[in-house]
Amino acid sequence: MKNKHDSFIKRYIYRLSFSLFSIPLGMIINVIIPRGLGPSDYGSFTFVTGIAQKLFSFFDQNLSLALLKKYSAEQKNYGLIKFYALLILTISVLIFGLHLLTSGTSYYNEVWINQEIKIINFALIFGFMLWLEHTFVVILDALSLTKLAEISKFISKVVSFLFLCGFFFMGDLSIYQVFTYHFFFFFFFILCSSYYIQKNHPRYFSNVFGSSLAVNKNARYFFNYTHPLFFKSIFQIGLGVFEIWILQYYGGSLEQGYFGFAFKLSALSFLVVASMTDLITREFSVFIEKNDRKSLIKYYSIIIPLLFSLMSFISIFLFTFSKEITLLIAGDDYILASSSVAIMLLYPIHQTFGRLNDAIFFASGKTALYRNISICISLFGLLLTMLLVTPFFSIGYSLGAYGLSIKMILATLLGTNINLFVISKYLKLSYLENFFLQIRILFCFGIISQSVKYLLFKLIVGNTLIVCLLTFLIYTAIVGVVLFVFPAFIFLNKKDQQNAYKNLKTLNLRSIIK
């Protein structure tokens, strides 16, 4: 057990390390593409790729999670991979067939809102290749080749980044060149991944092609795994498509570009803790499987405040300089996006919280309750979208990207706290303590960050970069002192504090609860 745990820790470190290395590269790419395309073309790109991704996600229905779970335990089950490959091919043929059948109808233009057919074709290929890339990541993870998966991804990003730079410096960047850059990345990643799989598992692909499909057995497994949350997935994906579409319909490509840019920056900041949440999710599952309720409660009570504090620390600092970040990365063309960027930079705070709460629901088997809460929150989100993005019978605010950003925050905030309330009852913890923890941390960190920025701008005039760097250093120092001197601020006593800091430094997360 110890060896398996250590192996998982090492795999996690690889994923976290490469994620952190990818952040600067992702920031540069987020400078090149939005600047090169401009808000309107970037909005068109965001719209068509967003619809395509949702469309393939609709058909995926957590099939990739089912593949990861079963193939991790049965690595010699080559028939499972063959069946899944056939499944991807069948679904993709259906999607492209549906696209061809509807391309000449009036509904086609209503769905895609008069986008060029060539761009739509590229977007569907993009959605297919994204799904294929994710499948290779799942296979590599299941084969315990996470390090090689991350190496493949990183090399592919670097090579395709150079490809993108060539387009950018040769002249004006076009939407077709951005698609070509993504296709080059997908192709190179799949090529590298295939090489590493074959190198570590000789005759792997010949074994897959020569295996039995076992259609009935595999079809039954995937159906049993995915059908409990089928309607929840359809509902949420459908609403996701509707939100993208409604923003395009009322706000056009410009507002779509503003929101897409804000969402990308939000996703980049979430990368800092995304890999950590994957590891913690696994630990929750282990405690629940062993019926070790005491350890689960202790672990949850320490990890949740620590991770919430970490993500709040990062997000609030970025929020404080949201306008400066927008201008630095995207330029003056995106100045009207700064309000959406500010809101979306706060989104990862409760996204982190929500992701860990979701793990408790799944590990404890409370999927039906989770589904019902998710559907209710989605309906609430739909109402907010109509009120904030559209005129909605003359009572809507028509706020475009800014309205959709507010909706994202409010729906996530409400959903996370409802789930937290349910989990607090399940674990017999105080919901109010965790509720006031959120208010205390957000208020305190926000006051510190805004005050330091305000004072430094008064003292140092005309040098935004120096103010930003000094604000970060002083903000970090003050927050560090507050948490060290008053560990009870995030529900840690001195012993818990020393144990948590010591074991987080060595990534020995399970020892935190001892």
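The present account deals with the structure reproduced in this document. Worth saying up front: this structure is predicted, and the values here are computed from it rather than measured.

### Considerations on the overall build of the chain
- For the chain, the helix and strand inventory stands at 19 helices and zero strands.
- What you see for the chain is a C-alpha radius of gyration of 23 Å, in line with the 24 Å of a compact globule of 514 residues.
- In terms of its C-alpha atoms, the chain occupies a principal-axis envelope of roughly 65 × 55 × 45 Å.
- The burial tally for the chain puts 50% of its 514 residues in the buried class.

### Quick word on the packing of aromatic side chains
- As enumerated under the stated definition, the model contains 39 aromatic pairs in all.
- Here Tyr 249 and Tyr 250 contribute two aromatic rings whose centre-to-centre distance is 5.0 Å and whose plane-to-plane angle is 75 degrees, an arrangement assigned as edge-to-face.
- Using a relative accessible area of 42% as the deciding quantity, one classes Tyr 250 as partly exposed.
- Cation over ring: Lys 453 sits above Phe 321, and NZ or CZ is 4.9 Å from the ring centre.

### Re helix 2 (residues 63-73)
- Regarding helix 2, the residues found buried are Leu 63, Ser 64, Ala 66, Leu 67, Lys 70 and Tyr 71. In an axial view of helix 2, the angular spread of the buried residues amounts to 150 degrees, which keeps them on one side of the axis. Those residues of helix 2 that are exposed and aimed more than 90 degrees away from the buried face are Lys 69 and Ala 73.

### Thoughts on the packing of helix 2 against helix 3 (residues 78-102)
- Direction vectors running N to C along helix 2 and helix 3 enclose 170 degrees, while the axes themselves pass 11 Å from each other. On the basis of their axis angle, the class for helix 2 and helix 3 is roughly antiparallel. Of helix 3, the residues touching helix 2 (which contributes Leu 63, Ser 64, Leu 67, Lys 70 and Tyr 71) are Tyr 78, Leu 80, Ile 81, Tyr 84, Leu 87 and Ile 91.
- Taken together, the residues of the contact of helix 2 with helix 3 sort by class into nine nonpolar, one polar and one charged.

### With respect to the side chain of Glu 243
- Examined against the element boundaries, Glu 243 turns out to sit in helix 10 (residues 230-289).
- Note on Glu 243: relative accessible area 13%, which makes it buried.

### Remarks on the pattern of salt bridges
- A complete count under the given rule lists three salt bridges for this structure.
- Among the salt bridges present, the one from Lys 70 reaches Glu 74, with a minimum N-O distance of 3.2 Å.
- Among the residues examined, Lys 70 registers a relative accessible area of 15% and is labelled buried.
- Residue Glu 243 pairs with Lys 407 through a salt bridge whose shortest N-O separation is 2.4 Å. Residue Glu 243 is found in helix 10, and its partner Lys 407 is found in helix 16 (residues 400-427); the two are separated by 164 residues along the sequence. When sorted by exposure, Glu 243 lands in the same class as Lys 407, which is buried.

### Here's the deal with the side chain of Ser 194
- Within the secondary structure, Ser 194 is located in helix 7 (residues 175-200).
- Within the structure, Ser 194 has its side chain in polar contact with the backbone oxygen of Ile 190 (distance 2.7 Å).
- Setting aside residues up to four positions removed in sequence, Ser 194 forms contacts with Phe 136 and Phe 205.

### Overview of the environment of Ala 149
- Following the sequence through the fold, Ala 149 ends up in helix 6 (residues 146-170).
- Exposure remark for Ala 149: the relative accessible area of 1% places this residue in the buried category.
- Expressed as a C-alpha distance, the spacing of Ala 149 and Val 241, which sit 92 residues apart in the sequence, is 30 Å.

### Regarding the environment of Arg 371
- Position of Arg 371 relative to the elements: it lies in helix 15 (residues 367-389).
- Overall, Arg 371 belongs to the partly exposed group, its relative accessible area being 25%.
- A distance of 3.3 Å separates polar atoms of two side chains, one belonging to Arg 371 and the other to Asn 372.

### Things to note about the state of the cysteines
- In total, this model carries zero disulfides according to the counting rule given.
- Of the cysteine sulfurs around Cys 165, a residue in no disulfide, the closest is that of Cys 192, at 18 Å.
- Cys 468 carries a free sulfur, and the closest cysteine sulfur to it, the one in Cys 444, is 20 Å from it.
- For Cys 468, a relative accessible area of 22% corresponds to the partly exposed category.

### Description of the nonpolar core
- Ranked by internal contacts, the top residues of the largest apolar core, which has 136 residues, are Tyr 71, Phe 179, Tyr 204, Phe 222, Phe 284, Tyr 300 and Phe 445.
- The element contributing the most residues to this core is helix 10, with 16 residues.
- Here Tyr 300 is in contact with Phe 284, Pro 305, Phe 353, Asn 357, Ile 360, Leu 420, Ile 423, Leu 427 and Leu 429, once residues within four sequence places are set aside.

### Considerations on a nonpolar patch on the surface
- On the surface, Ile 466, Leu 470, Phe 472, Leu 473, Ile 474 and Ile 478 cluster together to form a nonpolar patch covering roughly 470 Å² of accessible area.
- Topologically, Ile 466 is positioned in helix 18 (residues 464-485).
- With relative accessibility at 38%, the residue Ile 466 sits in the partly exposed group.

### Side note on unusual backbone geometry
- Of note in the backbone geometry, Arg 203 takes a positive phi value of approximately 65 degrees without being a glycine.
- For Arg 203, the location among the structural elements is in the loop between helix 7 and helix 8 (204-210).
- According to the relative accessible area criterion, Arg 203 is exposed, its value standing at 56%.
- For Ala 214, which is not a glycine, the phi torsion comes out positive at approximately 50 degrees.
- Positionally, Ala 214 belongs in the loop between helix 8 and helix 9 (215-226).

Thresholds, definitions, all that
Residues numbered from 1 in each chain as written. Predicted model: local features only at pLDDT ≥ 70, side-chain atom pairs only at ≥ 80, totals over all residues. Heavy atoms only, no water. Helix = DSSP H or I, 4+ residues; strand = E, 2+ residues; numbered from the N terminus. Rg over C-alpha atoms; globule rule 2.2 N^0.38 Å. Buried < 20%, exposed > 50% of the residue type's maximum accessible area, 1.4 Å probe, protein only. Phe/Tyr/Trp six-rings, centres within 6.5 Å; stacked < 30°, edge-to-face > 60°. Lys NZ or Arg CZ within 6 Å of the ring centre and 35° of its normal. Arc of directions from axis to C-beta. Axes fitted to C-alpha atoms, helices over the stretch in contact; angles between N-to-C directions. Parallel < 35°, antiparallel > 145°, perpendicular 65-115°, else oblique. Contact = heavy atoms within 4.5 Å. Nonpolar A, V, L, I, M, F, W, Y, C, P; charged D, E, K, R; others polar. Salt bridge = Lys/Arg side-chain N within 4 Å of Asp/Glu carboxyl O. Polar contact = N/O pair within 3.5 Å; in protein donor to acceptor, adjacent residues only side chain to side chain. Disulfide = S-S within 2.5 Å. Core = buried A, V, L, I, M, F, W, Y, C linked by side-chain atoms within 4.5 Å. Patch = residues over 30% accessible without salt bridge, like charges linked within 9 Å, V, L, I, M, F, W, Y side chains within 5 Å. Areas by Shrake-Rupley, 256 points an atom, 1.4 Å probe, with all protein chains shown as cover.

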